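Listed below are the residues making up each chain.
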Amino acid sequence: MIELKHLTKTFHTASGDVPALSDVSLTVEDGDIYGIIGMSGAGKSTLVRCINMLERPTDGQVLINGVDIGSLSKKELRAQRREITMIFQSFNLLMQRTCLRNVCFPLELAGVKKQDARKRAMELLEIVGLPDKAEAYPAQLSGGQQQRIAIARALASSPKVLLCDEATSALDPKTTHSILELIRDINAKMGITVIVITHQMSVVEDICRHVAILDGGKVVEEGSVSDVFASPKSDAARRLVFPEGYTPSVFDADPDVHKIRVLFNGDDTATEPVIAKMAVELGVFANIMAASTKTVQGKAYGTMLLGVDSAEEAIRLIDYLKRYGVYAEEVR
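What you see is a predicted model, and the numbers here were worked out from it, not measured in a lab.

A. Main features of the overall build of the protein chain. Assigned secondary structure in the protein chain consists of twelve helices and 14 strands. With 332 residues in all, the protein chain has 49% of them scored as buried. Of the contacts formed within the protein chain by residues at least 6 apart in sequence, a portion of 68% connects residues at least 24 apart. Total accessible area on the protein chain stands at roughly 15900 Å², and carbon and sulfur atoms take up 50% of it.

B. The sheet that holds strand 4 (residues 59-64), seen in detail. Strand order in the open sheet formed by four strands is 2-1-4-5, and the pairing between neighbours is antiparallel. A strand with exactly one partner marks an edge of an open sheet, and here the two such strands are strand 2 (16-28) and strand 5 (67-68). Taken together, the five bridges between strand 1 (residues 2-13) and strand 4 define a ladder with antiparallel strand orientation. Looking at the pairing, K5 lines up with Q61 of strand 4.

C. Structural detail: the packing of aromatic side chains. Tallying each qualifying case throughout the model produces zero aromatic pairs. Above the face of the F11 ring, K9 is positioned so that its terminal group lies 5.0 Å from the ring centre.

D. Fine view of the packing of helix 4 (residues 114-127) against helix 5 (residues 143-155). Viewed as axis vectors pointing N to C, helix 4 and helix 5 meet at an angle of 135°, and their least axial separation amounts to 9 Å. For the element pair helix 4 / helix 5, the angle class is oblique. Like other packed secondary-structure pairs, helix 4 and helix 5 cross with a definite hand, here right-handed. Contacts between helix 4 and helix 5 involve R120, L124 and L125 from the former and I149, A152 and L155 from the latter. Residues belonging to the contact of helix 4 with helix 5 are distributed by class as follows: five nonpolar, no polar and one charged.

E. Geometry of the state of the cysteines. Taken as a whole, this structure holds zero disulfides when the rule is applied. Distance from the sulfur of C208, which forms no disulfide, to the nearest cysteine sulfur (C164) is 8.9 Å. By relative accessible area, C208 is classed as buried at 0%.

F. Focus on the packing of helix 3 (residues 99-109) against helix 4. Following both chains from N to C, one finds helix 3 and helix 4 inclined at 120°, their axes separated by 9 Å at the closest point. Considering their axes alone, helix 3 and helix 4 lie oblique with respect to each other. Helix 3 and helix 4 meet at a crossing whose hand is right-handed. Each of L100, V103, C104 and L107 in helix 3 lies in contact with helix 4, whose residues at this interface are A117, R118, R120, A121, M122, L124 and L125. In terms of residue class, the contact of helix 3 with helix 4 is made up of nine nonpolar, no polar and two charged.

Criteria and cut-off values
Residues numbered from 1 in each chain as written. Predicted model: local features only at pLDDT ≥ 70, side-chain atom pairs only at ≥ 80, totals over all residues. Heavy atoms only, no water. Helix = DSSP H or I, 4+ residues; strand = E, 2+ residues; numbered from the N terminus. Buried < 20%, exposed > 50% of the residue type's maximum accessible area, 1.4 Å probe, protein only. Contact = heavy atoms within 4.5 Å. Areas by Shrake-Rupley, 256 points an atom, 1.4 Å probe, with all protein chains shown as cover. Pairing = 2+ DSSP bridges. Phe/Tyr/Trp six-rings, centres within 6.5 Å; stacked < 30°, edge-to-face > 60°. Lys NZ or Arg CZ within 6 Å of the ring centre and 35° of its normal. Axes fitted to C-alpha atoms, helices over the stretch in contact; angles between N-to-C directions. Parallel < 35°, antiparallel > 145°, perpendicular 65-115°, else oblique. Left-handed = near helix turned anticlockwise from the far one by under 90°. Nonpolar A, V, L, I, M, F, W, Y, C, P; charged D, E, K, R; others polar. Disulfide = S-S within 2.5 Å.

In structure tokens form, the structure reads like this:
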């Protein structure tokens, strides 16, 4: 289990102090796929580098299975890092080495015999689906293939945690999906805990079970992916979950209009024409002020903002929707 307790990071520069993280506390259970998402400058990359102490936090603790890794000696920390490996957006492969030798590299550093290292590396190339590229060089591969080699190399030390820092940002959507499928398969078969750092909500939708949303170096929302998608509470979460259907100005517009937020949370009702039926049966014609839905892990999630003219219509609308099992609330 990974526990971040009141993590703070401030960079000291010639022009003054720059806060990157502020009192971040998170818990990632063993075997989870946990997403950490935020816009550029939210502190995501700083956070992931603090997890393995590539960046020392200014304050707070990082506990791995109860051990404060910030208190470890250099030797102990090196041993700990073999259990917490990373893959990056830029792949970071050694261009002068073949793919096989790239995967062998961490094993060589660990003192594994050459023959044993090659055998293990070939097993890992099989796992990532590229045994035929053993003698190829990284420059001869596509971006997706290079990332697969990087994943094989990250697995060479038999880690317990895999940190993915914007690992699919440089890839096209189809290749991104295949890489995420590979990571999901590795998580399921090997039980490796995966932490995904990304600015792409589609990545969280595709692979993560839990998510934390960073904004300005702070965690503004966290929980299961389904809960956050069903009912995003913070402005940052709403912008990320439904960028085309939410702006603060929509919620603030026309104070005389009674606004009802409707949430679809993966139930069958999300695919029924509930709003159209409501208009016919109740005679309440609501203005759709904003709407956005999407499919996450095979289920429909979405939000809709309706506007009606009176408090009585708002009450009738909310009661009607709740009879259908649709969550609705008046917002101000």
